[in-house]
Amino acid sequence: MFRVSGEAPEAVFSGGSGAAERTRRLRPVPPPAPPVPRAPAVDLAEAEEFLRLFHAENRVEGPIQQRLARMRYEVETTGTYRHTPDELAYGAKVAWRNSARCIGRLYWRSLKVRDLRDVHTVSGVAAHCVEHLRMATNGGKIRPVISIFPPETPQRPAPRIWNEQLIRYAGYRNPDGSVLGDPRYTRFTEAVTGFGWRAPARRSGFDPLPLVVETREEGAHMFALPPDAVHEVPMTHPDLPWFAELGLRWHAVPVISNMRLSIGGVSYPAAPFNGWYMGTEIGARNFGDTDRYDLVPVVAQRLGLDTSRENTLWRDRAMVELNRAVLHSYQQAGVTITDHHTESHRFLTHLAKEESAGRKCPVDWSWIVPPMSGSQTPVFHRYYDEEAPGPNYFGDEEATRRALSGGPPHFT
C-alpha cells in the first residue's frame, strides 16, 4: 500500500502552463524498513585497470603511480573512490564504445557528459532529466548526451530512476482486454495511476508517463514531464495520404534510463543516456511488435493486402511501409534519424577503426543485426567478439522489473 503526500516547488520545471505538475511522494504506510545493505567496496584490480587505460589513451601528464596510490587510499578508507571529471567523461564514452548491443558506436567520442554527481534530491534529479531532454533534442538535431548522477557507495546509496526511458507512453487497459497506448507499460501505468497520477482527460495512445525518481532519504516521487521537453514527430507517408489518419506519433529522442553505468569498479545506477533513433527501432519494434502497438495488421488492411495466409508476405510488405513512414516523417520534421542499411555500414567503419587501434569490439549479434532485412545488411554476414570489457553499461534486472511494474520501491 502507498499513499500520496507532499509536493515540490513549481520552479523545478519550466516550460509553460502545467509543466510543473506537483510531485507526488509514494510513501509506504508501514514504518521504515531496516537500512539498505551497504554497497560492497570497489574492486582494486578493476579500478587500477581502468585508471591505467585512462592514462594510456589520454597521455596524461605525470606518473600514474601517484593516481593509483590516491585511489587505493580512498578505497581502503571509504570503500570507494571519486573519479576526476576527465576520468568520468572518458569512462562514459568508453562504456559506449564497449556497449555490445549498440550499432551506433561510431560516434562514441561525441558523447556530451554531464557530471551531476552532487545532485542528491529527487527534484534535482528530475529537473536535470528534463534539461537532458531539452539538450539532447536540440531543436531536432539530436545530440548524444549522458547525465551521470551520484554513484553507489558504502556510505550512501545512489538515486534510482524508475522509468525504462525518460519518455515512454502510457498503456490503458480496456474492459475487453484491449489496450489503448503501449501494452508494455500497462502495469506501470496502473501503478502510477494508483499513486495519484492523473491521465489526460482525453486519453490517447501517446500520453507520456510521469518520471519517477527515488532516493533513500526522500522515497519515490512522480514528476510530470513539461510539454516542451517531449518533442514528438507526427507520422505521415511519402505515398499514402491515408497514413496520417492513423494518428501515430513518436518522441524524437530515446533516453535510456534504467541501465547501470560501471566505470572502474564504481557503479552509477542513475545515468540516463541517448543517441538517436534508427528507424527500425520505431517502425519494426515499437510500432510493429505484436506485444507493442501491433500496427502491421492495421497497415496491411489499409493497403488492401491478402492477410488470409502467410505466404502472401503481407506482413513484410506492411512492415516496409511502416518503416518508410517513420523515416519520411522524421526527415520531414527535421529530426535526426538513420536507416538500418546506412547504420550497418557505419558500424563496420567503427569496427575497422577499433581493430586498427588494436582493440576488440564486443558485439551481441542478435542486437546489431536489424529487425528487418537482416541478411541485406553487411553486419549479418560475419562473426564478432562477444566478450564485453569495462567500462560498460549493464542491464539491471531489478530496475527492469520496476520499470515495467511501477514498483516495488528500491528503498523499502
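Let's shift gears to the overall build of the protein. Along the protein, the regular secondary structure elements total 11 helices and 18 strands. In terms of overall dimensions, the protein is globule-like: its C-alpha atoms have a radius of gyration of 22 Å, near the 22 Å expected for 412 residues. Overall size of the protein, expressed as C-alpha extent along the three principal axes, is 70 × 55 × 35 Å. The long-range fraction of contacts in the protein, counting pairs at least 24 apart against all pairs at least 6 apart in sequence, stands at 70%. For the protein, the accessible surface area stands at approximately 19,200 Å², while carbon and sulfur atoms represent 51% of it. One way to put it: in the protein the 49 positive side-chain charges average out to a point 3 Å from where the 48 negative ones average out.

What follows deals with empty space enclosed by the protein. A probe matching the size of a water molecule, rolled over the atoms, marks out where space remains unfilled. Taken as a whole, this structure holds three cavities of 30 Å³ or more when the rule is applied. Contributing to the lining of the largest cavity are Arg-160, Ile-161, Ser-257, Asn-258, Met-259, Arg-260, Pro-269, Asp-396, Ala-399 and Arg-402. Secondary structure elements with two or more residues in the lining of the largest cavity: β5 (160-161) and α11 (397-405). Split by residue class, the lining of the largest cavity holds four nonpolar, two polar and four charged.

Below, the discussion takes up the sheet that holds strand β13 (residues 260-263). Sheet strands pair via backbone hydrogen bonds, and the direction of the pair is either parallel or antiparallel. Ordered by their spatial adjacency, three strands build an open sheet running β14-β13-β18, and the pairing between neighbours is antiparallel. The open sheet has two edge strands with one neighbour each: β14 (266-268) and β18 (392-394). Across the sheet, the axes of successive neighbouring strands diverge by a mean angle of 30°, strand direction being ignored. Two strands pair when backbone bridges link them, and β13 and β14 are joined in this way by three bridges, in the antiparallel orientation. In the strand pairing of β14, Leu-261 is matched with Tyr-268. Lying over the sheet, helix α3 (residues 85-97) contacts β13, β14 and β18, oriented at roughly 115° with respect to β13.

Another aspect to go through is the confidence of the model for the protein. Looking at the protein as a whole, its pLDDT mean stands at 91, while 91% of the residues score no less than 70. Contacts from residues 1-22, a stretch scored under 50 in pLDDT, to residues over four places away or in other chains number 51 contacts. Low pLDDT, under 50, characterises residues 27-31; the stretch is placed with seven contacts to residues that sit more than four places away or in other chains.

Further remarks concern the layout of surface pockets. By volume, the largest pocket is sized at about 1,600 Å³. For the largest pocket, the lining is made up of 49 residues, of which Arg-101, Ile-256, Met-259, Glu-281 and Trp-367 are closest to its centre. Of all the secondary structure elements, the ones that give two or more residues to the lining of the largest pocket are β15 (273-274), β16 (277-278), α6 (279-286), α10 (365-368), β18 and α11. Top element by residues in the lining of the largest pocket is α6. It accounts for four residues. For the lining of the largest pocket, a count of residues per class yields 22 nonpolar, 14 polar and 13 charged. Size it by volume and the second largest pocket reaches roughly 420 Å³. In this structure, the second largest pocket is lined by 20 residues; those nearest its centre are Glu-49, Leu-53, Asn-98, Pro-389 and Gly-390. A breakdown of the residues in the lining of the second largest pocket according to their chemical character gives six nonpolar, five polar and nine charged.

Spatial ordering of the open sheet is given by β3-β4-β15-β12, a layout of four strands whose pairing is mixed. At either end of the open sheet lies a strand with only one pairing partner, and these are β3 (112-115) and β12 (255-256). Bridging between β3 and strand β4 (residues 145-148) involves four bridges; their strand directions are parallel. Its bridge partner being in β4, Asp-115 is matched across the sheet by Ile-148. Packing against the sheet, α3 makes contact with β3 and β4, and its axis sits at approximately 135° to β3.

Moving on, we come to the packing of aromatic side chains. Per the stated rule, a full pass over the model turns up 16 aromatic pairs. For the ring pair Tyr-169 and Trp-250, a centre distance of 5.0 Å and an interplane angle of 75° mean the geometry is edge-to-face. Separated by 81 residues along the polypeptide, Tyr-169 in the loop between β5 and β6 (171-173) and Trp-250 in strand β11 (residues 249-251) bring together distant segments of the chain. Accessibility classification places Tyr-169 together with Trp-250 in one group, the buried group. The rings of Tyr-169, Phe-206, Trp-250, Phe-287 and Tyr-293 are connected pair by pair, giving a single aromatic cluster. Lying across the ring of Trp-108, Arg-97 places its NZ or CZ 4.8 Å from the centre.

Topologically, His-83 is positioned in the loop between α2 (64-78) and α3. A polar contact of 3.3 Å, which involves the side chain of His-83, links it to the backbone oxygen of Ile-263. Polar contacts involving the side chain of His-83 include one to the side chain of Tyr-268, which spans 2.8 Å. Every residue in contact with His-83, bar those within four places of it in the chain, is listed here: Phe-50, Arg-67, Leu-88, Arg-117, Ile-263, Val-266 and Tyr-268.

Procedures and definitions
- Residues numbered from 1 in each chain as written.
- Predicted model: local features only at pLDDT ≥ 70, side-chain atom pairs only at ≥ 80, totals over all residues.
- Heavy atoms only, no water.
- Helix = DSSP H or I, 4+ residues; strand = E, 2+ residues; numbered from the N terminus.
- Rg over C-alpha atoms; globule rule 2.2 N^0.38 Å.
- Contact = heavy atoms within 4.5 Å.
- Areas by Shrake-Rupley, 256 points an atom, 1.4 Å probe, with all protein chains shown as cover.
- Lys, Arg positive; Asp, Glu negative; His and termini not counted.
- Charge placed at Lys NZ, Arg CZ, Asp CG, Glu CD.
- 1 Å grid on protein atoms, 1.4 Å probe; cavity = no way out; pocket = protein on both sides within 12 Å on 5 of 7 lines; lining within 4 Å.
- Points joined across faces, edges and corners; volume = space filled by probe spheres on them.
- Nonpolar A, V, L, I, M, F, W, Y, C, P; charged D, E, K, R; others polar.
- Pairing = 2+ DSSP bridges.
- Axes fitted to C-alpha atoms, helices over the stretch in contact; angles between N-to-C directions.
- pLDDT = per-residue confidence, 0-100.
- Phe/Tyr/Trp six-rings, centres within 6.5 Å; stacked < 30°, edge-to-face > 60°.
- Buried < 20%, exposed > 50% of the residue type's maximum accessible area, 1.4 Å probe, protein only.
- Lys NZ or Arg CZ within 6 Å of the ring centre and 35° of its normal.
- Polar contact = N/O pair within 3.5 Å; in protein donor to acceptor, adjacent residues only side chain to side chain.

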